[in-house]
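Structural overview
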Amino acid sequence: MSNIGSYEERLRDFDWGIARQVLGWQDGELLNIGHICSDRICARGKGAKTALIWEGFGDRKARYTFDDLRVWSNGFAKLIRDDLGVGVGERVCVFMDKIPSLYFSFLGILKAGAVAQPLFSAFGDESLEVRLKSAGTTAILTTQKHVKKVRKLRERLPALKHVVVVDGDPTKVQPGETYFDVERAPRVEEFESFRAEPESRSVIHYTSGTTGQPKGAQHVHSSIWSQALTTSWVLDLRDDDTYWCTADPGWVTGTSYGIIGPWALGATQAVLDSGFVAERWYRFIQDNRITVWYSAPTAIRSLMREGEELVRKFDLSALRHLASVGEPLNAEAVVWSQKVFDGKPFHDTFWQTETGSIMISNYPGMPVKPGSMGKPFPGITATVLDLKTKEPIREPGRVGLIAFRPGWPAMFRIYWNQEDVYRSKFAGETAGRTPTELRTADDLWYVSGDRASIDPDGYYWFVGRDDDVINTGGHLVGPFEIESALIEHEAIAEAAAIAKPDPVNMEVVKAIVTLKPGFAPSADLELSIMNFIRKRLSPLAMPQEIEFKDKLPKTRSGKILRRYLRALEWGEEAGDLSTLEDD
Ligand code: 6R9
């Protein structure tokens, strides 16, 4: 029997209070995510249980109990609050590979009452700078490997008071930086965690949109109700599971389901900090006897490419539940997983940085329709809205905008310093309402920015994004960020970044540029541009191709028509240029 039992029955009289039952919550307990994921599990008698099984490049391995998690996160919490004097609500960035200290410090930041800002360690200078600037980040925790990028930016980031290096040789740390290796520092047995209110800020995740720089989606401590309940009902995690979430905590999946949900439930998590190598992945599942696996379509398609023979070399019989998120999970991948993993399909789940937790999903026990994202989570009111009128579509099969009635616990509370953009995400009468009123309104819709249709059985079918954001391998890339980096190159006059089709990543980035007078297209110039932007962007955002054009199509107001360029690239009906909307 799965944790959710009957999906249909769970829909009846649903109340988020059931999350408390799932956690065994008592009134008056401390609602601090850092505390709940470590101290609380120990207090419930599971201090000696393995919390983290860790493997890195080569054969580096480590194991930590919940008591270790408690003590090492205390160490970071003390550093942040007592030694550095970081105040409640200040942003502390975690900028490291998936090493154990990333997990300890994330929880430590929350225990200290600060806001955790995890960023991909692969980010180049510019990607990093934009996000630290936007958040007004006070402190950054990083490693010897990545601190160089921070050093280059420090002068330009007046709010950044502390740079902490958490590993390596203490003599390599420069003046003005702090060295703190938690496992070598004195143990901090007791730390009184910040007494968070349900609405106290917890985590800020940056996500890319079509226009402007990335936006910081702000989350709060009470998000844990959604995260824990969905971890139980969708991922079906139980006490004796060994769970592997392949996501990096720089991505919301890596925090909501790679830290918070599973550890709130006291489950054992495995982390593999190495790049994608199919054989290594299978061996990791086999050797650690992984039972529940949460991954993403690009990884699944990459495994498919390596063929069935490779899978058969490993004993993956411990696996019992598989789920996926981040991009469309094609029917073929579901059917393939069913075949090679002994009848177990990947269960597609749909959600966003903004939603904080799974919104639409395939549940254990509910028939999977390969290619469909499944049905709304109990307690989530979902619909698709007419593209023009923004009214809910009643008839099945018609494509509209996926939208949710606001108010579930893990919903983001604001885009940091961008209230207008936050407001623009709601359909309905928004004028004169505060951000909190918007979030709790029962007559508004939060509009996701994705298109889908709903079939007569209530299953959602993803169609595509409603904007120009590129989803490459599950990673959202905003065209604006790439274009901004491109136009800083001396030869480039104008630039457009669009998606181009790709068999594994679904989409990859393509740049289309015009040149300034005096410059001519050449292979050398293309290489020079690539090298120029490589240092500024994350490898994931790097264009795979640069096309030179004499001019770019524009709207009457002068905006570059990415949608038109994309249609050309995909061989789709581009429409008559003169009638394209001037938006
Ligand atoms: C958790 C996460 C959100 C966007 C979302 C949509 C795409 C996510 C999907 C999916 C098709 C799925 N997306 N899950 N598309 N099928 N099951 O991915 O957060 O990085 O904010 O991305 O990803 O376009 O709007 P985030």
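Please refer to the structure higher up on the page.
Just so it is clear, the structure is predicted and the values come from calculations on it, not from any experiment. (Residues numbered from 1 in each chain as written. Predicted model: local features only at pLDDT ≥ 70, side-chain atom pairs only at ≥ 80, totals over all residues. Heavy atoms only, no water.)

**So, the environment of Val163**
Note the threshold: Secondary structure follows DSSP: runs of H or I at least 4 residues long count as helices, runs of E at least 2 residues long count as strands, and numbering of each begins at the N terminus. Three labels apply to residues, based on accessible area from a 1.4 Å probe with only protein chains included: buried if under 20% of the type maximum, exposed if over 50%, partly exposed otherwise in between. Only heavy atoms enter the contact rule, under which two residues are in contact if any of them lie within 4.5 Å.
With respect to the helices and strands, the residue Val163 is situated in strand β6 (residues 162–165). A residue is classified by how much of its surface remains accessible, and Val163, at 1% relative accessible area, is buried. Here the alpha-carbon distance between Val163 and Thr142, two residues 21 residues apart in the chain, equals 7.5 Å. In this structure Val163 touches Ile140, Val147, Val150, Arg154, Glu177 and Thr178, once residues within four positions along its chain are discounted.

**Some details on the layout of surface pockets**
Stated formally: Two kinds of site are reported from a 1 Å grid over the protein atoms alone, namely cavities, where a 1.4 Å probe fits but cannot get out, and pockets, open sets with protein on both sides within 12 Å along at least five of seven lines, and residues are called lining when an atom falls within 4 Å of a point. Grid points are joined across faces, edges and corners, and a volume is the space filled by probe spheres set on the points. All amino acids are sorted into three groups, where Ala, Val, Leu, Ile, Met, Phe, Trp, Tyr, Cys and Pro are nonpolar, Asp, Glu, Lys and Arg are charged, and the leftover types, Gly among them, are polar. The split of the chain into domains comes from an automatic or database domain assignment.
Empty space within the second largest pocket amounts to approximately 1100 Å³. Around the second largest pocket sit 34 residues that line it, and Phe120, Thr246, Asp248, Phe276 and Leu540 are the ones nearest its centre. Sorting the residues of the lining of the second largest pocket by element identifies β11 (268–273), α12 (297–306) and β26 (506–515) as the ones contributing at least two each. The leading source of residues in the lining of the second largest pocket is α12, at three residues. Looking at side-chain class alone, the lining of the second largest pocket contains 16 nonpolar, 13 polar and five charged residues. Mapping the lining of the second largest pocket onto the domain boundaries places at least three of its residues in each of domain 1 (64–196) and domain 3 (467–570).

**Considerations on the pattern of salt bridges**
The line we're drawing: Between Lys or Arg on one side and Asp or Glu on the other, a salt bridge is scored when a side-chain nitrogen of the former is within 4 Å of a carboxyl oxygen of the latter.
Under the counting rule described, the total for this entry stands at 50 salt bridges. Lys369 is the salt-bridge partner of Asp457, the closest N and O atoms lying 2.7 Å from each other. Placement of the pair is Asp457 in the loop between β21 (445–454) and β22 (460–465) and Lys369 in the loop between β15 (360–361) and β16 (375–376), with a sequence separation of 88 residues. Judged by its relative accessible area of 46%, Asp457 falls in the partly exposed class. Among the residues examined, Lys369 registers a relative accessible area of 22% and is labelled partly exposed. Close ionic contact of Lys510 with Glu545 constitutes a salt bridge, the shortest N to O distance being 3.5 Å. Of the two residues, Lys510 is situated in strand β26 and Glu545 in strand β27 (residues 545–548); the sequence distance between them amounts to 35 residues. On the basis of relative accessibility, which here comes to 3%, the residue Lys510 falls in the buried class. The class for Glu545 is partly exposed, based on a relative accessible area of 24%. Here the salt bridges do not stand alone but share partners, grouping Lys500, Lys510, Glu545, Glu547, Lys549 and Glu569 into one network.

**Topic: the site of the ligand**
As a reminder of what qualifies: For this purpose, a residue is taken to be near a molecule or strand whenever a single non-hydrogen atom of the residue falls within 4 Å of it. Whenever a nitrogen or oxygen atom comes within 3.5 Å of another N or O atom, the pair is scored as a polar contact, on the condition that within protein one atom can donate a hydrogen and the other can accept it, and that pairs from neighbouring residues in sequence are kept only if both atoms are in side chains. All accessible-area figures derive from a Shrake-Rupley calculation using a 1.4 Å probe, and residue coverage is judged against the displayed protein chains alone.
Taken together, 20 residues surround the ligand, and among them Asp348, Thr349, Gln352, Thr353 and Asp450 come closest. Here Thr349 contributes a backbone N or O atom positioned 2.7 Å from a nitrogen atom of the ligand. Between an oxygen atom of the ligand and a side-chain N or O atom of Thr353, the distance comes to 2.6 Å. If the ligand stood free it would expose 530 Å²; the protein chains cover 98% of that surface. Of all the elements in the fold, those that place two or more residues in the shell around the ligand are α10 (252–264), β14 (346–350) and β22. If one sorts the elements of the shell around the ligand by residue count, β14 sits on top with three residues. Counted by class, the shell around the ligand contains nine nonpolar, seven polar and four charged residues.

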